[in-house]
Amino acid sequence: MAEPSSARRPVPLIESELYFLIARYLSAGPCRRAAQVLVQELEQYQLLPKRLDWEGNEHNRSYEELVLSNKHVAPDHLLQICQRIGPMLDKEIPPSISRVTSLLGAGRQSLLRTAKDCRHTVWKGSAFAALHRGRPPEMPVNYGSPPNLVEIHRGKQLTGCSTFSTAFPGTMYQHIKMHRRILGHLSAVYCVAFDRTGHRIFTGSDDCLVKIWSTHNGRLLSTLRGHSAEISDMAVNYENTMIAAGSCDKIIRVWCLRTCAPVAVLQGHTGSITSLQFSPMAKGSQRYMVSTGADGTVCFWQWDLESLKFSPRPLKFTEKPRPGVQMLCSSFSVGGMFLATGSTDHVIRMYFLGFEAPEKIAELESHTDKVDSIQFCNNGDRFLSGSRDGTARIWRFEQLEWRSILLDMATRISGDLSSEEERFMKPKVTMIAWNQNDSIVVTAVNDHVLKVWNSYTGQLLHNLMGHADEVFVLETHPFDSRIMLSAGHDGSIFIWDITKGTKMKHYFNMIEGQGHGAVFDCKFSQDGQHFACTDSHGHLLIFGFGCSKPYEKIPDQMFFHTDYRPLIRDSNNYVLDEQTQQAPHLMPPPFLVDVDGNPHPTKYQRLVPGRENSADEHLIPQLGYVATSDGEVIEQIISLQTNDNDERSPESSILDGMIRQLQQQQDQRMGADQDTIPRGLSNGEETPRRGFRRLSLDIQSPPNIGLRRSGQVEGVRQMHQNAPRSQIATERDLQAWKRRVVVPEVPLGIFRKLEDFRLEKGEEERNLYIIGRKRKTLQLSHKSDSVVLVSQSRQRTCRRKYPNYGRRNRSWRELSSGNESSSSVRHETSCDQSEGSGSSEEDEWRSDRKSESYSESSSDSSSRYSDWTADAGINLQPPLRTSCRRRITRFCSSSEDEISTENLSPPKRRRKRKKENKPKKENLRRMTPAELANMEHLYEFHPPVWITDTTLRKSPFVPQMGDEVIYFRQGHEAYIEAVRRNNIYELNPNKEPWRKMDLRDQELVKIVGIRYEVGPPTLCCLKLAFIDPATGKLMDKSFSIRVTGRALWIA
């Protein structure tokens, strides 16, 4: 009798719903009888949910009525609820073993656990040490948070080992702070670098200066002058003895880091320098530095390790298949044997330095837009390329071929909540980077997102969100593979844990009174304790661990009063200071001034190298009033106090007088011998003025670029106007400054260890390439033997009718044989491209026909100009054509050493052709009917009249780059149907443009790419870019068509 009484007690709603879900689950499973018995008892004891009427009265319902009224409840509804409870609880209270969910778990695995039940146990050093002594590597269940550093190092003392991730947890990077922000340039600073010791920072700015700073206290140590345009890139050699800076003035300047003396002034480019790299190759005393330029050239500068002398003429590769192509970026492999370069023509060019001279070994054409970022991995033969086509590729060298893994920036992680606008935005890669152990690559996309990828599988791991503008800085930590630094034009600097996809530290570069400053470059020091950033306002930002007190002793604005003084240049572009007639590195220690040209107090003047021990009266500059070009009278630094001259020794005063007399005599002789052309400086240590000319006569002083402050007055720039000559250094000063060390050397033990590592890696890369090359050559030799007779007879037959056929076929054989190793010899041809068609990587530009090998060769290289452009409005005019006779083969060299075509002897070659013509006529008479029929068949490959005609005609229309035309979809569809109906040539339905995009009946387009396929029939392949009818500007969309010349009409 107890059961009915217990059944009549009120049942909570959630309990009655649970009964119903249990019955519903059992009814769809194997326990049907149990379900029937359960339903009978639930109805008997009235345990099912009741129905409420409009007056609030309850009414019993049967099981069938509940099923009909709750059709949204599936039979497995209860199971789905149980499956979702576990992951939701794991986010609130993590279990002891993640991703393991059980309804029967206990402790931290129980679904009923609370935060109180999971209270953490305090770590002890002995407990942590026990993990390495027979215990499993997993943390104990009751130890929640990781141990602190004290317990970790206590455990390390007991066991002698600890993992890096535990000894240096990621949370440590939250303690990095900005030590100092220093204004040291008048313009944006796009380049920053550390030396190989990490003790010095170099900044290169748009104000034409390179400055050297101390990492540990922020002191300004030196200013390297000489450039007359913006600094575009900098590089420090691996021996830490030189720094090279490239500029938009087309010149590379190299300085000695010990004395700041000029080592070389390299003039081999005719365009701005876009990248600069020292080769890691460490074999022998021969070293290389590589520069790329906007003139489309790659220059290899050879220099000697012992004498630090550079070869005046580079080994030059002109990679300019069409006007306007620029080389944008470059990267060396870790051993220095491979060099990869990216350019605006979407081609990646590979060079090999393992032989006597560098040579080009490959051209990779997988990208469809310009490649503006490229980087080799830190330990291996892989490299990463990023392009504006929205993809990045991870390349690996296998069997003498570079094979790649595609990283598509349109890939998204499941559950991505990006907006509709971002989904339809065309992605572009802005920057790329490897982590320290090469297991992860990071790409920055123009939608402000950083994407983290597995470098071996190409799987997208994380999306790092936080930036509000494009990111152009990605810097990996020098030894911690978890850490990556990013910065961008939004002024934000982030430190990320890329293994977890979390943000460790954020800094916003807010400048008081000027808004935020866009961050243009960042670099880590070698020890990982500091990193330096530069911004759009001319600031240097120094970050690091530890105390900031040493940085509090320096002013916020640090300039030398000689920074912007005018220079005079000789014929080799070496410079002297115009006022003192001395080399900048031999001038006396300058004064420290602010941005307005006002000298800093005495305590700051002692920060200048060479003034540390000077008396107070020697640290006060003598001020005078001079007139500016605007007529304004301002206060300027004129020279030192007169006390300085009084305290000199008599010997130095006499010597100074003799130097001045000699200088005056030389100036007089220079004025009398103006008609002679003197020789310039031979090296950086000599400072003759004989060959120098006034700067105003040829090259002007650095441009007045940068920010304007204090009512449009740039005080530090005006300090050279009408200022009298300041103090001239004595001979004793010159000897002292020659012995000074501005940048210290790398410790010998560390240097040898790094050099041995580079040597070993270089040998691995060299062996990898040479062994693969031998294997491929052996395979190709067997193939060539089997077809040599057929190819020879075919060549003889084709030469009789078509003189150009031999050249096309020869270029095709060079491609097919894989003999790309002769890159030290450059083939320049004016009637074809021996490297193949430049537009063969797009599917729309590939030939779909399956024909004989010789017809493939003719279609591959039938046109000298084959191309499309990313910026279709630029450089659309094809190069000028010359005769095919002027095909020459020459060695790569500097522009001065290139062989001229006039030096060859065309008459001798013509006489040789005349001798060869006679036997050809005799052979033609002896031809069999079958051979004659074959000759008639070859006439079909002759270019038709519409492509060879020189008379202007209205129809057919011969397209040219840059033509604006009307595309008619109806006519194109009719043409496709006619070709398919008459079976003129094979068509690929998937490449019809209306299958890829929505095309209107008429479209205003511009021809941005042309390629010809010599037939039969001869086809014209056009790439057409859409034009906005309202604005007349090119749009991002384009498509391709492939038609015969008769189908083209003027519109």
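Conventions adopted
Residues numbered from 1 in each chain as written. Predicted model: local features only at pLDDT ≥ 70, side-chain atom pairs only at ≥ 80, totals over all residues. Heavy atoms only, no water. Helix = DSSP H or I, 4+ residues; strand = E, 2+ residues; numbered from the N terminus. Buried < 20%, exposed > 50% of the residue type's maximum accessible area, 1.4 Å probe, protein only. Lys, Arg positive; Asp, Glu negative; His and termini not counted. Salt bridge = Lys/Arg side-chain N within 4 Å of Asp/Glu carboxyl O. Polar contact = N/O pair within 3.5 Å; in protein donor to acceptor, adjacent residues only side chain to side chain. Contact = heavy atoms within 4.5 Å. Phe/Tyr/Trp six-rings, centres within 6.5 Å; stacked < 30°, edge-to-face > 60°. Lys NZ or Arg CZ within 6 Å of the ring centre and 35° of its normal. Axes fitted to C-alpha atoms, helices over the stretch in contact; angles between N-to-C directions. Parallel < 35°, antiparallel > 145°, perpendicular 65-115°, else oblique. Left-handed = near helix turned anticlockwise from the far one by under 90°. Nonpolar A, V, L, I, M, F, W, Y, C, P; charged D, E, K, R; others polar. pLDDT = per-residue confidence, 0-100. Pairing = 2+ DSSP bridges.

### Observations regarding the side chain of Arg253
- Relative to the assigned elements, Arg253 resides in strand 10 (residues 252–256).
- For Arg253, which is buried and forms no salt bridge, the nearest opposite charge comes from Asp249, at a distance of 5.1 Å.
- At a separation of 3.2 Å, a polar atom in the side chain of Arg253 contacts the main-chain carbonyl oxygen of Gly226.
- Apart from the residues within four sequence positions on either side, Arg253 is in contact with Gly226, His227, Ile243, Ala244, Ala245, Ala264, Val265, Arg569, Asn573, Tyr574 and Val575.

### What to know about the packing of aromatic side chains
- Overall, the coordinates contain 27 aromatic pairs when judged by the stated rule.
- Relative to Phe310, the ring of Trp303 lies with its centre 5.9 Å away and its plane at 25°, an arrangement referred to as stacked.
- Overall, Trp303 belongs to the buried group, its relative accessible area being 3%.
- The interplanar angle of 5° and the centroid separation of 4.6 Å between the aromatic rings of Phe531 and Phe543 together place this pair among those described as stacked. Here Phe531 is found in strand 35 (residues 530–535), whereas its partner Phe543 is found in strand 36 (residues 539–544), with 12 residues between them in sequence.
- The class of Phe531 is buried, set by a relative accessible area of 3%.
- Grouped by ring-pair contacts, the aromatic residues Phe338, Phe352, Phe355, Phe376, Phe383, Trp395, Phe397, Trp402 and Tyr769 constitute a single cluster.
- Directly above the aromatic system of Tyr238 lies the positively charged group of Arg196, at a separation of 4.1 Å from the ring centroid.
- Directly above the ring of Phe591 sits Arg611, whose terminal nitrogen or CZ lies 4.3 Å from the centroid.

### Here's the deal with the packing of helix 2 (residues 13–27) against helix 3 (residues 32–44)
- Packing of helix 2 against helix 3 leaves a shortest axis separation of 8 Å and a crossing angle of 155°. Relative to helix 3, the element helix 2 is oriented roughly antiparallel. At the point where helix 2 passes helix 3, the crossing takes the left-handed sense. Facing Tyr19, Ile22, Ala23, Leu26 and Ser27 of helix 2, the residues of helix 3 in contact are Arg32, Ala35, Leu38, Val39 and Leu42.
- Along the lines of polarity and charge, the residues of the contact of helix 2 with helix 3 split into 8 nonpolar, 1 polar and 1 charged.

### Focus on the confidence of the model for the chain
- Taken over all residues, the pLDDT of the chain has a mean of 75, while the share at 70 or more is 65%.
- Counted against residues more than four places away or in other chains, residues 640–653, with its pLDDT under 50, gives 19 contacts.
- Every residue in residues 674–713 scores below 50 in pLDDT, and together they form 91 contacts with partners more than four places removed in sequence or on other chains.

### Let's talk about unusual backbone geometry
- You will see that Leu308, though not glycine, has its phi angle at about 60°, which is positive.
- For Leu308, the location among the structural elements is in the loop between strand 14 (297–304) and strand 15 (315–318).
- By relative accessible area, which is 19% here, Leu308 ends up buried.
- The phi dihedral of Asn983 falls on the positive side, at around 55°, and the residue is not glycine.
- Tracing the backbone through its elements, the reader meets Asn983 in the loop between helix 20 (969–982) and strand 47 (1002–1013).

### With respect to the sheet that holds strand 12 (residues 273–278)
- Strand order in the open sheet formed by 4 strands is 12-13-14-15, with antiparallel pairing between adjacent strands. With one partner strand each, in any of the chains shown, strand 12 and strand 15 form the two edges of the open sheet. Ignoring strand direction, the axes of neighbouring strands in this sheet form an average angle of 15°.
- Strand direction decides the pairing type here: strand 12 and strand 13 (residues 286–293), joined by 5 bridges, are antiparallel. Its bridge partner being in strand 13, Ile273 is matched across the sheet by Gly293.

### Digging into the pattern of salt bridges
- The final tally for this structure, using the stated rule, is 30 salt bridges.
- A salt bridge links Arg287 to Glu755, with the shortest nitrogen-to-oxygen separation between them at 3.6 Å. Taken as a pair, Arg287 in strand 13 and Glu755 in helix 14 (residues 748–801) lie far apart in primary sequence, 468 residues in all. Each of the two residues, Arg287 as well as Glu755, counts as buried.
- As a salt-bridge pair, Glu398 and Arg403 come within 3.6 Å of each other at their nearest N and O atoms.
- Given a relative accessible area of 31%, Glu398 falls into the partly exposed group.

### Digging into the pairing of strand 13
- Most of strand 13 sits out of view: 7 of its 8 residues are buried.
- Strand direction decides the pairing type here: strand 13 and strand 14, joined by 7 bridges, are antiparallel. By the bridge assignment, Tyr288 is partnered in strand 14 with Gln302.

### What to know about the environment of Met281
- Structurally, the position occupied by Met281 is in the loop between strand 12 and strand 13.
- Classification of Met281 by relative accessible area gives buried; the value is 8%.
- Residues Met281 and Arg758 lie 477 residues apart in sequence; the distance between their C-alpha atoms is 6.7 Å.
- Those residues in contact with Met281 that sit more than four places away from it in its chain are Gln286, Arg287, Tyr288, Gly335, Gly336, Met337 and Leu353.

### Topic: the environment of Val192
- Of note, Val192 is situated in strand 4 (residues 189–194).
- Val192 gets classed as buried once you look at its relative accessible area, which sits at 3%.
- Between the C-alpha atom of Val192 and that of Ala532, which follows or precedes it by 340 residues, the distance is 7.4 Å.
- Non-local contacts of Val192, meaning those with residues more than four positions away in its chain, are made with Ile201, Phe202, Thr203, Met234, Asp521, Cys522, Lys523, Ala532, Thr534 and Leu540.

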